[in-house]
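Below, each chain spelled out in residue letters.
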Amino acid sequence: MIESKMVTYIIARQLGGKPVITVSGEELGRLDDVLVDEATGSFISIIVDPIESTLPRISYPKDSDGNLVIPYDAVNAVGKVVVVKD
């Protein structure tokens, strides 16, 4: 169980700072954090520091700091960039 949590932490750290774009190619911002279910190690959502000019078109909720909170099930791909559904 502890090994699973450590692997999740390492993966989450590697994602930090990656550009986040929609499937249509619009840049949303940079990945700031990942919310993880501590009991299961499953990713819940990603927190994105947004590019201000994209906010009016985006339907994802914002947290109290103005960051986008995107459910992890909206993530389509992770590589050099994180791709999420429009």
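Residues numbered from 1 in each chain as written. Predicted model: local features only at pLDDT ≥ 70, side-chain atom pairs only at ≥ 80, totals over all residues. Heavy atoms only, no water.

Draft legend 1. Representation of the overall build of the protein. Within the protein one finds one helix and six strands. The secondary structure elements of the protein, listed N-terminal to C-terminal, are α-β-β-β-β-β-β. (Helix = DSSP H or I, 4+ residues; strand = E, 2+ residues; numbered from the N terminus.)

Draft legend 2. Broad picture of the confidence of the model for the protein. Scored by pLDDT, the protein comes out at a mean of 81, with 78% of its residues at no less than 70. Within the protein, helix α1 (residues 2–15) has the poorest average pLDDT of any element, 52, and strand β4 (residues 68–71) the best, 95. Within the model, the stretch residues 1–10 combines pLDDT values under 50 with six contacts to residues more than four positions away or in other chains. (pLDDT = per-residue confidence, 0-100. Contact = heavy atoms within 4.5 Å.)

Draft legend 3. Structural detail: the packing of aromatic side chains. If you walk through the whole model with that rule in mind, you get one aromatic pair. Ring geometry for F43 versus Y72: centroids 5.0 Å apart, planes at 75 degrees, classification edge-to-face. With F43 in strand β3 (residues 43–50) and Y72 in the loop between β4 and β5 (75–78), this pair connects stretches of sequence that are 29 residues apart. Accessibility expressed as a relative area gives 19% for F43, which makes it buried. (Phe/Tyr/Trp six-rings, centres within 6.5 Å; stacked < 30°, edge-to-face > 60°. Buried < 20%, exposed > 50% of the residue type's maximum accessible area, 1.4 Å probe, protein only.)

Draft legend 4. Molecular detail of the environment of A77. Mapped onto the secondary structure, A77 falls in strand β5. Sequence separation between A77 and V23 is 54 residues, and the spatial gap between their C-alpha atoms is 9.2 Å. Every residue in contact with A77, bar those within four places of it in the chain, is listed here: V82 and V83.

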